Amino acid sequence: MAVDRETVVRVARLARLKVPEDEAETLAGELSNIIGWIEQLDEVNTDGVEPMASVADMKLRWRADEVTDGGIPDKVTANAPDPQNGMFSVPKVVE
Amino acid sequence: MTLPSDLRDLTIAEARDALAAGDVSARELTEAHIAAIEAARDLNAFITETPDRALADADASDARRADGKSLGALDGIPLAIKDLFCTDGVQTTAASRILEGFVPPYESSVTTRLRESGTVMLGKTNLDEFAMGSSNETSYFGKVENPWRRDGDNRPLVPGGSSGGSASAVSGRLCLGATGTDTGGSIRQPAAFCGIVGMKPTYGRCSRWGIVAFASSLDQAGPMTRTVRDSAILLGGMAGFDPKDSTSADMETPDFEAMLDGGVKGLRVGIPAEYAVDGMNPEISALWDQGKSWLKDAGAELVDIGLPHTKYALPAYYIIAPAEASSNLARYDGVRYGQREDGADLTELYENTRAAGFGPEVRRRILIGTYALSSGYYDAYYLKAQKVRALIARDFHDAYEKCDVILTPTTPGPAFAMGEKSDDPIAMYLNDVLTVPASLAGLPAISVPAGLSGDGLPLGLHLIGRAFDETTLFRAAQALEDAAGFDARPGQG
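The structure presented is a predicted model; accordingly, all values stated were derived computationally and were not measured. (Residues numbered from 1 in each chain as written. Chains lettered and ligands numbered in written order. Predicted model: local features only at pLDDT ≥ 70, side-chain atom pairs only at ≥ 80, totals over all residues.)

1. Here we look at the pairing of strand β7 (residues 268–272) of chain B
Residues and elements named next belong to chain B. Relative to strand β8 (residues 301–305), β7 runs parallel, the two sharing five bridges. Bridge pairing in β8 places Gly270 opposite Val303. Across two bridges, the pairing between β7 and strand β9 (residues 405–409) is parallel. Residue Val269 lies in a different strand from β9, and its bridge partner there is Val405. (Pairing = 2+ DSSP bridges. Helix = DSSP H or I, 4+ residues; strand = E, 2+ residues; numbered from the N terminus.)

This is the structure:
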């Protein structure tokens, strides 16, 4: 299926990725090519096949529900672009 | 033992023995490599060099040894670490602008194991941005050069990718070994391009904890070295159960080196007809035939097998890997770490940060992945790809009823020139056509340098093993290495 310009804009919005106006058309062409190539998967009969999410044939392990870490706010925020008082900061969200 | 005139010509196994015999010190080994790294900066193999740390590691190793407290085979061995492994106190970038300046306050589980084995860290190697690429041309920190050149042609070639910096560093003798990571071929393809041994273990053998995530159901760390024996030794230092990775396999790590010389007498080597892909370079076909003869002459039995869904592995991969990447890379939001671009509100801050922080190939894959997972397309693309993945895994399962390892070429051709494929994403993706199927099935696989192309470039042969049977895989790889006797070295023009 061809990916049109509107789809690129919508998907970019979902991915929180700003796409400049003049790039949307180019990206639509590139994505159409790639998706078109991927669609050869339609040749494969997958009736009754269970989708495979992981090769690791295992159940997730359990552990005791207890605190194993913490108390290191300075370390946690050390790489933040704008840490304030041991917290992360963002533009005002609620008026 | 007699030392070579240049200490960098030692293998890890030889360096281990020389260190144990007191013929060389970790400091001498490390100084030789630090000097080589400085002299080879044109390759751009490293994003961050850590010479002070390396010398401190080396001195600590020598002091331990003098005390009779050596930590074993890897104590004092200088290694390079792909800049996808988080290293405590040392910048870790994933070759992305969005992580420039990120200094992890913790150490990945694999590099923790290597530190506890006494290894020396020379620095962090370059890669394709977020490990997305097959030529190491998408790094924000610049392209990496392959130390090899075509005969009579001085144009720089790509080292392959994504572990291109590690491959270039091992090939150019800037370290005795390096770590890589492999999602669809990112260890094996650059190893083939640079004439070294690259090994991807079984999914679950090495912990993923602390490795910047690309596609979590596929990512595996593995060793990049100059010999099969070194590969076995280095994997021994990287592998092992880790409760911090929920898909880490809770099993013993075998002594991979112990069985190396067992030979291949009676071993059943599967030859899949489907790997003779359209447009395969005739030199690669000839090398594959040569590989079959070598193993047969060494006593192995060749078995024709069918892997009928091989052709669909690459398109399935290019849904699954970007889908997982689009989810994994959602964390780069400009709030908790990494680069930030301001915006009028929170959404615009996210959008601006991610547009400025990610390069074109990463953006493209995030968009494909988001598209494949979005409402209305999920069943047609993502679910379909997961079903095809199940069929590919089943193909291997059936094939291993008839054989013990599978022999194929590693890549459809030798290293190409910079810029030669960077305008055509699908042409670039086709580099991984022979390595991706084993990744989707989670199987261990290794590339061994086996010959030279007509214009003097290294070519690799590829062995795929049963899940968690790295021991047999290494044994077959050793037989291949012995028969090939590959001793060509990069001339750098």
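2. Some points on the environment of Glu348 of chain B
Residue and element names in this part refer to chain B. Relative to the helices and strands, Glu348 is located in helix α10 (residues 346–357). Look at Glu348 and you get partly exposed, because 15 C-beta atoms sit within 10 Å. Separated by 26 residues in sequence, Glu348 and Ser374 place their C-alpha atoms 21 Å apart. (Buried ≥ 20, exposed ≤ 12 C-beta atoms within 10 Å, placed from the backbone.)

3. What to know about the nonpolar core
Residue and element names in this part refer to chain B. With 162 residues, the main nonpolar core has Leu79, Ile319, Leu367, Leu463 and Leu480 as its most contacted residues. Tallying contributions element by element places helix α9 (residues 313–328) first for this core, with ten residues. Here Leu463 is in contact with Val405, Ile406, Leu407, Ala445, Ile446, Leu473, Ala476, Ala477 and Leu480, once residues within four sequence places are set aside. (Core = buried A, V, L, I, M, F, W, Y, C linked by C-beta atoms within 7 Å. Contact = placed C-beta atoms within 7 Å.)

4. Digging into the interface of chain A and chain B
Taken together, the contact between chain A and chain B spans 40 residues of the former and 51 residues of the latter. Looking at the side of chain A that touches chain B, the elements with two or more residues in it are α1 (5–14) and α2 (21–38) of chain A. Counting residues per element, the side of chain A that touches chain B draws most heavily on α2 of chain A, at seven residues. Looking at side-chain class alone, the side of chain A that touches chain B contains 28 nonpolar, five polar and seven charged residues. (Nonpolar A, V, L, I, M, F, W, Y, C, P; charged D, E, K, R; others polar.)

5. Digging into helix α4 (residues 109–116) of chain B
All names here are of chain B. Along α4, the positions that sit buried rather than exposed are Ser109, Val110, Thr111, Arg113 and Leu114. Of the surrounding elements, those touching the buried residues of α4 are β2 (78–82), β4 (177–182), β6 (220–225) and α7 (228–238). The positive-phi residue at the C-terminal boundary of α4 is Gly118, with phi of around 90°.

6. Quick word on α1 of chain A
Taken as a whole, α1 of chain A has its buried residues at Thr7, Val8, Val11 and Ala12 of chain A. Take α1 of chain A and look down its axis: the buried residues cluster within an arc of 130°, on one side only. Here the buried face of α1 of chain A lies against α2 of chain A together with α11 (360–373) of chain B. (Arc of directions from axis to C-beta.)

7. Remarks on the packing of helix α8 (residues 282–297) of chain B against helix α15 (residues 470–484) of chain B
Residue and element names in this part refer to chain B. Axis separation between α8 and α15 bottoms out at 9 Å; the angle between their running directions is 105°. Judged on the interaxial angle alone, α15 and α8 are roughly perpendicular. Residues Gly291, Trp294 and Leu295 of α8 lie in contact with α15, whose contacting residues are Ala479, Leu480, Ala483 and Ala484. Looking at the contact of α8 with α15 residue by residue, the classes come out as six nonpolar, one polar and no charged. (Axes fitted to C-alpha atoms, helices over the stretch in contact; angles between N-to-C directions. Parallel < 35°, antiparallel > 145°, perpendicular 65-115°, else oblique.)

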